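# Structural description and commentary
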Amino acid sequence: MEFDRQLRDSLDQSLARRLRLALSLTGAGLVFERFGTAFWPLFSLIAFTLGISMLGVQDALPLWGLWLCVAGFALTSLWALIHGLRRLHLPSASETMSRVDADLPGRPLQALCDTPLIGAGDAASEAIWRAHRRRMVERLRDVHAIAPMLRLSSADPFALRLIALTTLAMGLVFGSFEKAGSLGDLGEDGSEIAIGPTWEGWVRPPAYAGKPTLYLGDLDAEFEVPKGSDVTLRFYGEGGALTLRETVSGDDNMSLHDFMIRQAGEIEIDGPTGRLWDVALQPDQPPIAELIGPMTRAPSGEARQEFRLRDDFGVTRAELTISRDPEVVEKRYGFALPPEPREAVTLPVILPQTGDRVEIEGMIAENLAEHPFAGLPVKLSLTAWDAAGQESAAALGQTILPTRRFFDPLAAAIVDQRRELLWNRENAARTAQVLRAVSVNPTEMFDEMATYFRLREAIGQIEGRAGRLSDEQLDTIATNLWDIALELEDGQLKEALARLHRAQERLSQAMRDGATPEEIERLMQELREATRDYMQQLAEQQGEDGDDTDMPDQGQDQGQQITQDQLQQLMDRIQELMEQGRMAEAQQLMDMLAEMLENMRVTKGEGQGGQGQQGMQGLQDMLRDQQQLNDDTFSDLQEQFGGDGQPEEQLGEGGEGQQQGGQQQPGDGQNEQSLSERQQALRDQLQRQRGSIPGGQGEGEDGVGGALERADRAMEEAEGALREGDLNGALGRQAEAMEALREGMRRLGEQEAQNQQNQDGQQGEAGGQSGNDAARRDPLGRKPGDAGRFGSDDEFYEGEDVYRRAEELLDEIRRRSGEQQRQAEERDYLNRLLDQF
């Protein structure tokens, strides 16, 4: 062709190959474009028919309707084919070149095919023409294939092609080629197949297995499913053509087509299209329950038991049963009688609402301090169940059911007698006599006479209905005795703690509401006063706990201390943060303050190894020994009453007199002499200790020496009462000695705190730092600042990439705040941080 010859003369080989490739691809696109424009009705009809056949629409049509649809499809396809052939026009080479040339600037292909009409033989004209052709060749270097442009919107205003494509897509996603293949079954026997017997079946495993529903027709001849799976069968066609036989449900009624798999066996459908399956049960082991470690006691008396539960599909329910173990109880005092029957305590185990329950570790926490079993040997039994109803083997244990510990002698005695009364109500007479004996001197034993009158009222109720107490009356008396013991034990400490909690709550609410500086100042002052009152009351009971524990406590960090000065600095820092608007940080310090006051050992000074600390430790040991001696004295007092509730020696009128003549009981002299010797040894120890305690020899009534002098006198009187066999009198004097020891410890703590403050002031004036840095760290583990305020003067983070580090921390906070498995309190705190920054 002239065109090809001219191009070969004008183009190099590389550009010629590119041009030929662009023209070939563009020509193929034009062929596709012409075929699509001519035959789109035929293609749409085929796609639509294939889509509905894959969805199985033909199975829902009667045979005549199906044949009618096939005929309609054939006629419509024939029309679409003829229509397409009539409209089909294949592209020519010139059309292909024109399509490519139109996309290039200046139509270089057409220009290269042109010849000049004038100027032949003129050198200038021919030079201009050659320059023109070179420019057209350069433009031709951008040549590329042109994609086909299939525009059918004008030819298909109703978008029938889109409907056909949508139907085909639905068939590919939701249908199958097997259903489309059923069209091939049409023929001579098509009517028999359409109305012949057939069936469908499904196996639905139980929900706890987490497995999908299975189509029975797709399963192998042998399959395995969990026990409790439901089977559903549906038979179609002539009645009786298909029959069911199964041995997996254990039911003899074979007419049921819906049944549950309860055992391994067979399922058989007998008939022209029947099948046989051998069904096995998937192993489902019963749960496993474990008790981890011994039962522990929180400072509040709350019982805590760690546990572990496991199951292959997940635990659905678990409970801890606590029953009394009377065989282990020592048969003396009121426990010599057989116990009254009482129901075991059942504590439900709180399981996670979300997540996996295949293996669960947690803690059961319940305050049973007031329960009749509290303080007695009990049996523990932890049992778990799975969704299949299988029960685990019980995890067994034995322990002493935790209860609240009472350090006040009278409160401890009341709780002991309450426990005996709840053991057997026939102990009522003995309980009343012992309670009258231990409260014989109310002015010395009770700080508030109202508490004494409440105890007398309870004693009167016991005596008035001795042996005839109903369950309701017994519960009422037990509640009253418990409340009286709490009043004697806690006293003002309970009120101070409640006031402290109220102050903390009000300050936390002010943080959330955005309080003014004046309100912050007022609430902080209220918190300081409440904390000071609580610390003062706590100091009076300090050292009573010691190491005398009958079970491990939780929530206390042994050896961790905080001084009143550090508490004051912490509260100052909280106020400073609130005034700066940094509420999230202030709330964090508030939470730390509350935790410290609840769980930490609080002392008045922080020096280690000095005379004051050694003296404080000595007084603590002595107070603990005096407490033990007081308990032993009370036990001997109980032994003076027989197991049947009758005293071996009658009390005076009203039950408030001492033993007649102060005579000792036969056989008791040796024991009482031993108690008096122990009391004398404690008194001698106190006299030696006073010499090593700063101010221990002082004569002032308000100082350390005055308190220790009162303790010495009370011990001397208690020793004399023990030698004379007056156990009631000895109990009262021992209580006075313990109170004086507590007062001495409090005075000594205040004295040491004042000395420490004076030393710190002198060091501050000198501008130096002394002591071990580790001992001078604040409760957060930071070194104190040079300005004398709480916290540290050092930057928390330094370096060139401080902003990058800040961005990383902010992203981590955002990530953690979005994790739903975290506790709500933690996520609220993280959200408050994000609000601030």
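Quick caveat: nothing in here was measured; it's all calculated off a predicted structure. (Residues numbered from 1 in each chain as written. Predicted model: local features only at pLDDT ≥ 70, side-chain atom pairs only at ≥ 80, totals over all residues. Heavy atoms only, no water.)

## Remarks on the overall build of the protein
Within the protein, the regular secondary structure consists of 24 helices and 17 strands. Here the protein holds 837 residues, and 40% of them are scored as buried. For the protein, the share of sequence-separated contacts (at least 6 apart) that also reach a separation of at least 24 residues comes to 72%. Put simply, the protein shows about 45,500 Å² of open surface, and 50% of that area lies on carbon and sulfur atoms. (Helix = DSSP H or I, 4+ residues; strand = E, 2+ residues; numbered from the N terminus. Buried < 20%, exposed > 50% of the residue type's maximum accessible area, 1.4 Å probe, protein only. Contact = heavy atoms within 4.5 Å. Areas by Shrake-Rupley, 256 points an atom, 1.4 Å probe, with all protein chains shown as cover.)

## A closer look at helix H4 (residues 93-101)
By the burial criterion, the buried members of H4 are Thr96, Met97, Val100 and Asp101. Down the axis of H4, the buried set is contained in an arc of 130°. They therefore lie on one face. (Arc of directions from axis to C-beta.)

## Quick notes on empty space enclosed by the protein
In this approach the atoms are scanned with a rolling probe the size of a water molecule, which exposes any empty space left behind. Taken as a whole and assessed by the stated rule, the structure comprises six cavities of 30 Å³ or more. Here the largest cavity is characterised by a volume of approximately 60 Å³. Taken together, Pro409, Leu410, Ala413, Val438, Met445, Asn630, Phe634 and Leu731 form the lining of the largest cavity. Breaking the lining of the largest cavity down by element, the ones donating at least two residues are helix H10 (409-423) and helix H19 (611-639). If one sorts the elements of the lining of the largest cavity by residue count, H10 sits on top with three residues. Across the lining of the largest cavity, the residue classes tally to seven nonpolar, one polar and no charged. (1 Å grid on protein atoms, 1.4 Å probe; cavity = no way out; pocket = protein on both sides within 12 Å on 5 of 7 lines; lining within 4 Å. Points joined across faces, edges and corners; volume = space filled by probe spheres on them. Nonpolar A, V, L, I, M, F, W, Y, C, P; charged D, E, K, R; others polar.)

## Let's talk about the pattern of salt bridges
Inspection of every chain in the model, using the stated rule, returns 30 salt bridges. Taking the shortest distance from any N to any O, the salt bridge between Glu266 and Arg245 comes out at 2.9 Å. Taken together, the residues Glu266 in strand E7 (residues 265-270) and Arg245 in strand E5 (residues 243-246) connect sequence positions 21 residues apart. The exposure class of Arg245 is partly exposed, given its relative accessible area of 33%. Among the ionic contacts, a cluster of salt bridges with common partners joins Glu290, Arg308, Arg310 and Glu361. (Salt bridge = Lys/Arg side-chain N within 4 Å of Asp/Glu carboxyl O.)

## Re a nonpolar patch on the surface
On the surface, Leu55, Val57, Leu61, Met170, Leu172, Val173, Phe174 and Phe177 cluster together to form a nonpolar patch covering roughly 790 Å² of accessible area. Looking at which element gives the most residues to the nonpolar patch, the answer is helix H7 (residues 160-174), with four residues. Residue placement: Met170 occurs in helix H7. According to the relative accessible area criterion, Met170 is partly exposed, its value standing at 41%. (Patch = residues over 30% accessible without salt bridge, like charges linked within 9 Å, V, L, I, M, F, W, Y side chains within 5 Å.)

## Considering the packing of helix H2 (residues 13-54) against H7
Between H2 and H7, whose axes approach to 7 Å, the crossing angle comes to 30°. When the interaxial angle is binned, H2 and H7 end up roughly parallel. As for how H2 packs across H7, the hand of that crossing is left-handed. Residues Trp40, Ser44, Ala47, Phe48, Leu50, Gly51, Ile52 and Met54 of H2 form the contact with H7, whose participating residues are Leu160, Arg161, Ala164, Thr167, Leu168, Gly171 and Leu172. For the contact of H2 with H7, a count of residues per class yields ten nonpolar, four polar and one charged. (Axes fitted to C-alpha atoms, helices over the stretch in contact; angles between N-to-C directions. Parallel < 35°, antiparallel > 145°, perpendicular 65-115°, else oblique. Left-handed = near helix turned anticlockwise from the far one by under 90°.)

## Describing helix H3 (residues 63-87)
In this model, H3 (25 residues) spans 36 Å end to end at C-alpha, consistent with the 36 Å of a helix rising 1.5 Å per residue. Next to the buried residues of H3 lie H2. (Expected span 1.5 Å × (residues − 1).)

## Topic: the packing of aromatic side chains
Going through the model one piece at a time under the given rule, you end up with seven aromatic pairs. Between Tyr208 and Phe313 the ring centres are 5.4 Å apart and the planes differ by 75°, which places this aromatic pair in the edge-to-face class. Of this pair, Tyr208 sits in the loop between strand E1 (198-204) and strand E2 (214-215) while Phe313 sits in the loop between strand E10 (303-310) and strand E11 (315-324), placing them 105 residues apart in sequence. One aromatic cluster is present, built from ring pairs that chain together Phe35, Phe39 and Phe43. One Lys or Arg, Arg317, reaches over the ring of Trp385 and ends 3.8 Å from the middle of that ring. (Phe/Tyr/Trp six-rings, centres within 6.5 Å; stacked < 30°, edge-to-face > 60°. Lys NZ or Arg CZ within 6 Å of the ring centre and 35° of its normal.)

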